[in-house]
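Letter by letter, the chains look like this.
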Amino acid sequence: MREAGRVTARALRAVGDAVRPGITTAELDDVAVAVIEAAGAKPAFKGYHGFPATICASRNCEVVHGIPGKIRLVEGDIISIDMGAIVDGYFGDSARTFGVGKISDELQRLLDATRSSLEAGIAQCVPGHRLYDIGAAVQAVAEGAGFSVVREYVGHGIGRAMHEEPQVPNYGVAGKGPVLMAGMVLAIEPMINLGGSGVRQLNDGWTVVTADGKPSAHFEHTVAVTEQGPRVLTLE
Ligand code: MG
Ligand code: MG
C-alpha cells in the first residue's frame, strides 16, 4: 500500500505542477496517465463503475467526481484533483485542490482550512481512538474557519479494493464508532464548501456540485493506523 500511495502521490504532484491558466482538464488527465504508466501501476478510477478517466477534475463549485474534458482552466479558478493507483493489487487514493494562477484570499482560506481539517483528521488515526473522532476533528476545523462540511460523500476504508468498510464521515461526535486498531487503513477526504453544505449531482451521472453554486475544496490522504501513530501512505 505504501508503494501504491507513492505512485499516487507522484502522479498528483505532477498534475499539480501542470495546473496553469489555459490547460484543459483532459490534458491534466494525460499527465496522470503518464506517471502511473511509467511506474508500472494501474489507475484506480478508470472504469470504476464506468468512470471514463484516470483523474476526477472538479472545478470551482464542483465538489467531486468531475469528468476531465475540454474545459480550460482560468486564472483564479480552483481545481480539485482526485486520483488513485493500484500496485500489486493494493490501492492508493489521494486528492488535493490547486489554485489556478492567483486566487482570491477567500479561496486560499478555503484551501488552507480544508487541508488543515484533513491534518486534524489524520492526527486521530491512533490505536484506541474511535472512528468518529476523525470526523469530529475535521468538522471542528472546517466549521471553526466558517466553512461547511459535505455530508453525502465520505471517506472509506481502503486496501485490496478502493472502497472498503468502514465509511469515514467528515462530521460526527467524538468518542463514538468502532475502535481504531493498528493495521487499519483509511482514506480520509474532507469535502469543504465555502457556502452551505448542500450538494447535488449533475445529469452526467457523476459530477457533484454545491447546491448554492459556491466553491468547494477536497483534500485526501490514505492513512494507516499504526502503533507508532498515523502513517500517511500517499506521500512520495
Ligand atoms: Mg479519492
Ligand atoms: Mg477516496
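Analysis parameters
Within any chain, residue numbers begin from 1 and follow the written order of that chain's sequence. As they are written, the chains are lettered A onward and the ligands numbered 1 onward, keeping that order. Reporting in this predicted model follows two pLDDT cut-offs: at least 70 for local features of residues, and 80 or more for side-chain atom pairs to be given and counted; totals over whole chains, interfaces and linings ignore these cut-offs and use all residues. Hydrogens are left out, water is left out, and the side-chain values use all remaining heavy atoms of the structure. Under the DSSP-based scheme used, a helix requires at least four consecutive residues in state H or I and a strand at least two consecutive residues in state E, with every element numbered from the N terminus. The globule rule used for comparison is 2.2 Å times the number of residues to the exponent 0.38, while the radius of gyration itself is calculated over C-alpha atoms. We treat Lys and Arg as the positive residues and Asp and Glu as the negative residues; His and chain ends play no part in the count. Every charge is mapped onto a representative atom, which is NZ of Lys, CZ of Arg, CG of Asp or CD of Glu. With water omitted from the atoms examined, metal sites may look incomplete; donors here are N, O and S atoms no farther than 2.8 Å from the metal, or 3.2 Å in the case of Na, K and Ca. Three exposure classes are used, based on accessible area relative to the maximum for each residue type with a 1.4 Å probe and protein chains only: buried under 20%, partly exposed in between, and exposed over 50%. In what follows, salt bridge is the name for a side-chain nitrogen of Lys or Arg lying within 4 Å of a carboxyl oxygen of Asp or Glu. Computed over the protein atoms alone on a 1 Å grid, cavities are sets of points where a 1.4 Å probe fits but cannot get out and pockets are open sets with protein on both sides within 12 Å along at least five of seven lines; a residue lines them when it has an atom within 4 Å of a point. Grid points are joined across faces, edges and corners, and a volume is the space filled by probe spheres set on the points. Gly is put with the polar residues, along with every residue not named as nonpolar or charged; the nonpolar set is Ala, Val, Leu, Ile, Met, Phe, Trp, Tyr, Cys and Pro, and the charged set is Asp, Glu, Lys and Arg. Geometry is summarised by axes, namely lines fitted to C-alpha atoms with helices restricted to the contacting stretch, and by angles between N-to-C directions that run from 0 to 180 degrees. Crossings are sorted by hand: turned counterclockwise from the far helix by less than a right angle, the near helix makes the crossing left-handed, and turned clockwise it makes it right-handed. Contact between two residues is taken to exist if any of their heavy atoms lie within 4.5 Å; hydrogens are not considered. Multiply 1.5 Å by the residue count of a helix minus one, and that product is the helix's expected span.

Asker: Tell me about the overall build of the protein chain, and name the residues and values.
Answerer: Secondary structure summary: the protein chain contains 4 helices and 15 strands in total. In terms of C-alpha radius of gyration, the protein chain reaches 16 Å, essentially the compact-globule figure of 18 Å for 236 residues. Taking the principal axes of the C-alpha coordinates as reference, the protein chain spans close to 50 × 40 × 30 Å. Averaged over its 21 positive side-chain charges, the protein chain has a centre that lies 2 Å from the centre of its 27 negative ones.

Asker: Explain the coordination of the magnesium ion (ligand 1) to me, using residue names and the numbers behind them.
Answerer: Summarising the metal site, the magnesium ion (ligand 1) is bound by the protein donors D82 (OD), D82 (OD), D93 (OD) and E220 (OE), whose distances to it range over 2.0 to 2.7 Å. Taken in sequence order, the residues that donate to the magnesium ion (ligand 1) follow the motif D-x10-D-x126-E. For the pair the magnesium ion (ligand 1) and the magnesium ion (ligand 2), the metal-to-metal distance amounts to 3.1 Å, and D93 bridges them. Placement of the pair is D93 in strand β5 (residues 90-99) and E220 in the loop between β13 (216-218) and β14 (221-226), with a sequence separation of 127 residues. On the basis of relative accessible area, E220 is assigned to the buried category, the value being 1%.

Asker: Give a description of the pattern of salt bridges that names residues and reports values.
Answerer: Tallied over the entire structure, the rule returns 5 salt bridges. Between R6 and E3 there is a salt bridge, and its shortest N-O distance comes to 3.2 Å. A residue pair is termed a helical-turn pair when its members lie 3 or 4 positions apart in one helix, as R6 and E3 do in helix α1 (residues 2-18) at 3 residues. With relative accessibility at 24%, the residue R6 sits in the partly exposed group. A relative accessible area of 38% means that E3 is categorised as partly exposed.

Asker: Break down the coordination of the magnesium ion (ligand 2) for me, with residues and values.
Answerer: Protein coordination at the magnesium ion (ligand 2) comes from D93 (OD), H156 (NE2), E189 (OE) and E220 (OE), with a distance range of 2.1 to 2.2 Å. Expressed as a motif, the donor residue spacing for the magnesium ion (ligand 2) is D-x62-H-x32-E-x30-E.

Asker: So what's going on with the layout of surface pockets? Residues and values would help.
Answerer: Size it by volume and the largest pocket reaches roughly 420 Å³. If you trace the largest pocket, you find 24 residues lining it, with Y48, H65, H156, H163 and E189 closest to the centre. Considering each element in turn, the lining of the largest pocket owes the most residues, 4 residues, to strand β8 (residues 164-168). Looking at side-chain class alone, the lining of the largest pocket contains 11 nonpolar, 7 polar and 6 charged residues. Considered as a void within the structure, the second largest pocket measures approximately 320 Å³ in volume. Around the second largest pocket, the lining comprises 18 residues; the ones closest to its centre are L12, R96, H221, T234 and L235. If you list the elements that add at least two residues to the lining of the second largest pocket, you get α1, β5 and α3 (105-122). Its residues assigned to classes, the lining of the second largest pocket comprises 7 nonpolar, 4 polar and 7 charged.

Asker: Please set out the packing of α1 against helix α2 (residues 25-38) residue by residue, giving values where relevant.
Answerer: Packing of α1 against α2 brings their axes to within 9 Å, and their N-to-C directions diverge by 145°. Remark: the crossing between α1 and α2 carries right-handed chirality. Where α1 approaches α2, its residues V7, R10, A11, A14, V15 and A18 are matched on the opposing element by L28, V31, A32, V35 and I36.

Asker: Pulling in residues and values, what's your account of helix α4 (residues 131-144)?
Answerer: Between its terminal C-alpha atoms α4 stretches 21 Å, which fits the 20 Å expected from 14 residues at 1.5 Å a residue. For α4, the set of buried residues is L131, D133, I134, G135, A136, A137, V138, Q139 and A142. In the core, the buried residues of α4 are packed alongside α3, β6 (148-149), β8, β9 (185-188) and β10 (191-193). Backbone geometry just after α4 places G146 at a positive phi near 95°.

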